[in-house]
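Residue strings, one per chain:
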Amino acid sequence: MRLTARPNIRSRRKWSRETGAAPDVMLSALAAAPIAAVLVLMLLGGWSAAGAGSVGAGLAIVLALAAFDPAPGAARMLMGAAAEAGFTTATILWIIWPALCIHALQTGTGRIAMLQAALERLSGDNVARTLLIGWFFALFMEGAAGFGAPVALAAPLLVSLGLPPVRALTIALIGHAAGVSFGAVGTPILPQIAATDLSGRALAVVPALLHGALGWVLMLALLREMGAWRWRLGLVAALAFFVPYVALALLFGPELPTLGGALIGGVGFALFLRIRGGAASSGGGATSPGDLAMAFAPYLTLVVLIVVARLPGLREVLANADLSWGLWERFSGTFAPLYHPGTLLAVSFLGGWALQRPAFAEVRGAIGRGTRQVLPVVPALLVMLVLARILVHAGMIDQLARDAAKAFSGIWPPIAPLVGMLGTFVTGSATTSNILFTELQARIASELNLSLLLVLGAQTFGAAVGNIVCPHNVVAGCATIGLVGREGEILRRTLPVGLLYGLLGGGLVWLLSVVGLF
């Protein structure tokens, strides 16, 4: 799924016409008000995402009509934003629903219990098992599919290991974040390649180094959520991923770092656990390899489908077989059904059904449970996306970005990642954040004589960090483990981690700019 982001770069303002030049700081404060309202209501008021998002969307509509000048006109902006929000909601639900159905079928047929027993035989260490799912599996799914699939699949598996749902979702959100810069086989880098004359390999260097240098922050946050300060084991898991991750980025570019790093690191970490002698007693007959393969059937089917769909040549064919629409040359959406992670998840569900051969009643029950779980998330997703599209099309996000560039032009390197975070926070996608802000970041880099590679790398790094705190991800994740209405509780846990990681990234970008390495 892609949305073409077209900020209101004209930024003509009603106040400017009526009272002369309005202070930029006031317009920026108005532009930020809907976002601030959502954060305050969710973090401090304990509101659900649906309630806070409704207030934020209502406030955004009022401010857009009163203080900004929507380019296509007020009525068209509202209709277009609603159309894009509804379309994007449907594409996100197409990921969540089959993921829920897979987990429901796996649980109902006892396959989850079988996988849990296999993990227990691999290691009797709860922290190690959690890292295998919440770190390596989540990162692998980010590298292979992205677009919400990692959290939708990892969070229910973590709950099945015995973690409380709130902690499980927090771990899944934090655990996949470092891989987002090169998620879905490098998709977030594509807008930067299109907007500049830089190669994907060159653009991959800075974000890979930033994540590689600061990834320990994410690992410590995971260990904190587990309530176990097992820093040595965490260090092994972090190095197992980040060493191949950085090497693949430097050698080959953006397509393989997350996917390859998670695969190589996950296998290496599992071997480490075996060599360390942490395997638990089976306490009975061990599961046969055939039965274990059947238990993994939906996930193995998904991996095979993803690998095949990403093959050169076939990837372009599947991705270009899309369904597109547009309104008034400004609002649009594109859905590639053969390439979308939701379709691959749905086929994986069917593959699991065919290979495991459960009773039809079990399959029907799994589909019913998945459907009942996904329905409550629709209002929250819809209002959050309406808010996001209004902020973009009314020029409010563009206003914030341009005024930030004016206010912090002298110290832009540490600010650049925060702009990327803002883009993902609002749009729900690192790729869309890069679409929104790559040209702005490139223009600022040129005007301030900064390294283009460094500034764009900071943008991509920040866009990935934004996934930790993005309301869209939180809402979707809550739907998969029965936490609808408790989104504020999750955001209170992830926001400090995201801000710390983003600020440290900004500090490192500033240091690199001072040293002049880029």
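Just above, that's the structure.
Note that the coordinates shown come from a computational prediction; the quantities given were computed from them, not determined experimentally. (Residues numbered from 1 in each chain as written. Predicted model: local features only at pLDDT ≥ 70, side-chain atom pairs only at ≥ 80, totals over all residues. Heavy atoms only, no water.)

**Here we look at the overall build of the chain**
Moving on, step 1. A count of helices and strands for the chain gives 25 helices and two strands.
Moving on, step 2. Its C-alpha atoms give the chain a radius of gyration of 22 Å, near enough to 24 Å, the size a compact globule of 518 residues would have.
Moving on, step 3. In terms of principal-axis extent, the alpha carbons of the chain reach across some 80 × 55 × 50 Å.
Moving on, step 4. Relative to its full complement of 518 residues, the chain shows a buried share of 58%.
Moving on, step 5. For the chain, contacts bridging at least 24 residues in sequence account for 81% of all contacts bridging at least 6.
Moving on, step 6. Summing over all exposed atoms, the chain offers an accessible surface of approximately 19500 Å²; the carbon and sulfur share of this is 68%.
Moving on, step 7. If the 32 positive side-chain charges of the chain are averaged to one point and the 21 negative ones to another, these points end up 6 Å apart. (Helix = DSSP H or I, 4+ residues; strand = E, 2+ residues; numbered from the N terminus. Rg over C-alpha atoms; globule rule 2.2 N^0.38 Å. Buried < 20%, exposed > 50% of the residue type's maximum accessible area, 1.4 Å probe, protein only. Contact = heavy atoms within 4.5 Å. Areas by Shrake-Rupley, 256 points an atom, 1.4 Å probe, with all protein chains shown as cover. Lys, Arg positive; Asp, Glu negative; His and termini not counted. Charge placed at Lys NZ, Arg CZ, Asp CG, Glu CD.)

**Let's talk about the layout of surface pockets**
Moving on, step 1. In this structure, the largest pocket occupies an estimated 1200 Å³ of space.
Moving on, step 2. Forming the boundary of the largest pocket are 42 residues, of which Phe 137, Phe 140, Leu 263, Phe 296 and Leu 300 lie nearest the centre.
Moving on, step 3. Put simply, the parts of the chain that give the lining of the largest pocket at least two residues each are helix 5 (111-122), helix 6 (126-144), helix 7 (149-160), helix 13 (257-276), helix 15 (297-309) and helix 16 (314-320).
Moving on, step 4. Taken together, the residues of the lining of the largest pocket sort by class into 32 nonpolar, five polar and five charged. (1 Å grid on protein atoms, 1.4 Å probe; cavity = no way out; pocket = protein on both sides within 12 Å on 5 of 7 lines; lining within 4 Å. Points joined across faces, edges and corners; volume = space filled by probe spheres on them. Nonpolar A, V, L, I, M, F, W, Y, C, P; charged D, E, K, R; others polar.)

**Examining the packing of aromatic side chains**
Moving on, step 1. Summed over all chains, the structure comprises 14 aromatic pairs.
Moving on, step 2. Relative to Phe 242, the ring of Trp 135 has its centre 5.8 Å away and its plane inclined at 65 degrees; by these criteria the two rings are edge-to-face. Of this pair, Trp 135 sits in helix 6 while Phe 242 sits in helix 12 (residues 231-252), and the two are 107 residues apart along the sequence.
Moving on, step 3. Among the residues examined, Trp 135 registers a relative accessible area of 0% and is labelled buried.
Moving on, step 4. Between Phe 136 and Phe 269 the ring centres are 5.2 Å apart and the planes differ by 35 degrees, which places this aromatic pair in the tilted class. Residue Phe 136 is located in helix 6, and its partner Phe 269 is located in helix 13; the two are separated by 133 residues in the primary sequence. (Phe/Tyr/Trp six-rings, centres within 6.5 Å; stacked < 30°, edge-to-face > 60°.)

**Quick notes on helix 22 (residues 430-447)**
Side chains three or four residues apart in an α-helix point the same way, a direct result of the helix having 3.6 residues per turn.
Moving on, step 1. Relative to the 26 Å expected for 18 residues at 1.5 Å per residue, helix 22 spans 25 Å between its end C-alpha atoms, a close match to the ideal helical length.
Moving on, step 2. At Phe 437, helix 22 is deflected by roughly 45 degrees, the largest bend along its length.
Moving on, step 3. Taken residue by residue, helix 22 has Ala 430, Thr 431, Thr 432, Ser 433, Asn 434, Leu 436, Phe 437, Thr 438, Leu 440, Gln 441, Ile 444 and Ala 445 as its buried positions.
Moving on, step 4. The N-cap residue of helix 22 is Ser 429: its side-chain oxygen and the backbone nitrogen of Thr 431 are 3.2 Å apart.
Moving on, step 5. Looking one or two places after helix 22, you find Asn 449, whose phi comes out positive at around 60 degrees. (Expected span 1.5 Å × (residues − 1). Bend = angle between axes of the 7 residues up to and from the residue. Polar contact = N/O pair within 3.5 Å; in protein donor to acceptor, adjacent residues only side chain to side chain.)

**Looking at the pattern of salt bridges**
Moving on, step 1. Counting across every chain of the model gives seven salt bridges.
Moving on, step 2. Asp 125 is the salt-bridge partner of Arg 230, the closest N and O atoms lying 2.5 Å from each other. Taken as a pair, Arg 230 in the loop between helix 11 (200-226) and helix 12 and Asp 125 in the loop between helix 5 and helix 6 lie far apart in primary sequence, 105 residues in all.
Moving on, step 3. Linked by salt bridges that have partners in common, Asp 125, Arg 230 and Arg 276 make up one network. (Salt bridge = Lys/Arg side-chain N within 4 Å of Asp/Glu carboxyl O.)

**Some points on empty space enclosed by the protein**
Moving on, step 1. Tallied over the full model, the rule gives one cavity of 30 Å³ or more.
Moving on, step 2. Taken as a whole, the largest cavity encloses approximately 80 Å³ of empty space.
Moving on, step 3. Residue lining of the largest cavity: Ile 35, Val 38, Met 384, Leu 387, Ala 388, Leu 391, Phe 425, Val 426, Pro 471 and His 472, and that is the complete set.
Moving on, step 4. Among the elements that make up the lining of the largest cavity, the one with the highest residue count is helix 19 (residues 378-393) (four residues).
Moving on, step 5. Its residues assigned to classes, the lining of the largest cavity shows nine nonpolar, one polar and no charged.

**Description of a nonpolar patch on the surface**
Moving on, step 1. Side chains of Leu 209, Leu 250, Leu 251, Phe 252, Leu 256, Trp 510, Leu 511, Val 514, Val 515, Leu 517 and Phe 518 sit close together on the surface and give an oily, nonpolar patch of about 1000 Å² of accessible area.
Moving on, step 2. At the level of elements, helix 12 and helix 25 (487-515) are the ones that each hand at least two residues to the nonpolar patch.
Moving on, step 3. Along the chain, the position of Phe 252 falls in helix 12. (Patch = residues over 30% accessible without salt bridge, like charges linked within 9 Å, V, L, I, M, F, W, Y side chains within 5 Å.)

**Brief notes about the packing of helix 11 against helix 23 (residues 452-469)**
Moving on, step 1. Across the interface, helix 11 lies against helix 23 with an axial gap of 8 Å and an inter-helix angle of 45 degrees. Here helix 11 is positioned oblique relative to helix 23, judged by the angle of their axes. Crossing hand, helix 11 versus helix 23: right-handed. The segment helix 11 lies against helix 23, with Ala 202, Leu 203, Val 206, Pro 207, Leu 210, His 211, Leu 214 and Leu 218 engaging Leu 453, Leu 454, Leu 456, Gly 457, Ala 458, Thr 460, Phe 461, Ala 464 and Ile 468. (Axes fitted to C-alpha atoms, helices over the stretch in contact; angles between N-to-C directions. Parallel < 35°, antiparallel > 145°, perpendicular 65-115°, else oblique. Left-handed = near helix turned anticlockwise from the far one by under 90°.)

**Some words on helix 25**
Moving on, step 1. Helix length check: helix 25, at 29 residues, gives a terminal C-alpha distance of 41 Å against a target of 42 Å (1.5 Å per residue), a fit within 8%.
Moving on, step 2. Where helix 25 bends most, the angle comes to about 30 degrees, and this point is Thr 494, followed within four residues by the proline Pro 496.
Moving on, step 3. Count one or two residues on from helix 25 and you reach Gly 516, which has phi positive near 80 degrees.

**So, the environment of Phe 252**
Moving on, step 1. Among the residues examined, Phe 252 registers a relative accessible area of 52% and is labelled exposed.
Moving on, step 2. Considered as a pair, Phe 252 and Pro 298 are 46 residues apart in the sequence and their alpha carbons are 30 Å apart.

**Some remarks on the nonpolar core**
Moving on, step 1. Counting 158 residues, the largest nonpolar core has Leu 131 and Trp 135 as the members making the most contacts within it.
Moving on, step 2. Contact partners of Trp 135, with chain neighbours within four places excluded, come to Thr 130, Gly 175, Leu 218, Met 219, Leu 222, Ala 237, Ala 238, Phe 241 and Phe 242.
Moving on, step 3. The next biggest cluster of nonpolar side chains, apart from the first, holds five residues, and it includes Ala 309, Leu 318, Ala 336 and Tyr 339. (Core = buried A, V, L, I, M, F, W, Y, C linked by side-chain atoms within 4.5 Å.)

**Examining the side chain of Ser 181**
Moving on, step 1. Looking at where Ser 181 falls in the secondary structure, it is placed in the loop between helix 8 (165-175) and helix 9 (183-186).
Moving on, step 2. Only 2.9 Å separates the side chain of Ser 181 from the side chain of His 211, close enough to count as a polar contact.
Moving on, step 3. Look past the residues within four positions of Ser 181 in its chain and what remains in contact with it is Pro 188, Ile 189, Pro 207, His 211, Tyr 245, Thr 460, Phe 461 and Ala 464.

**Details of the environment of Ala 67**
Moving on, step 1. Position of Ala 67 among the secondary structure elements: in helix 3 (residues 49-67).
Moving on, step 2. Along the backbone, Ala 67 and Ala 31 are 36 residues apart, and their C-alpha atoms lie at a distance of 9.0 Å.

**Section: the environment of Ala 31**
Moving on, step 1. The residue Ala 31 is located in helix 2 (residues 24-43) in this model.
Moving on, step 2. Distance in space between the C-alpha atoms of Ala 31 and Leu 391 is 7.6 Å, their sequence separation being 360 residues.
Moving on, step 3. Residues within four places of Ala 31 in sequence aside, it is in contact with Phe 68, Leu 391, Met 396 and Leu 400.

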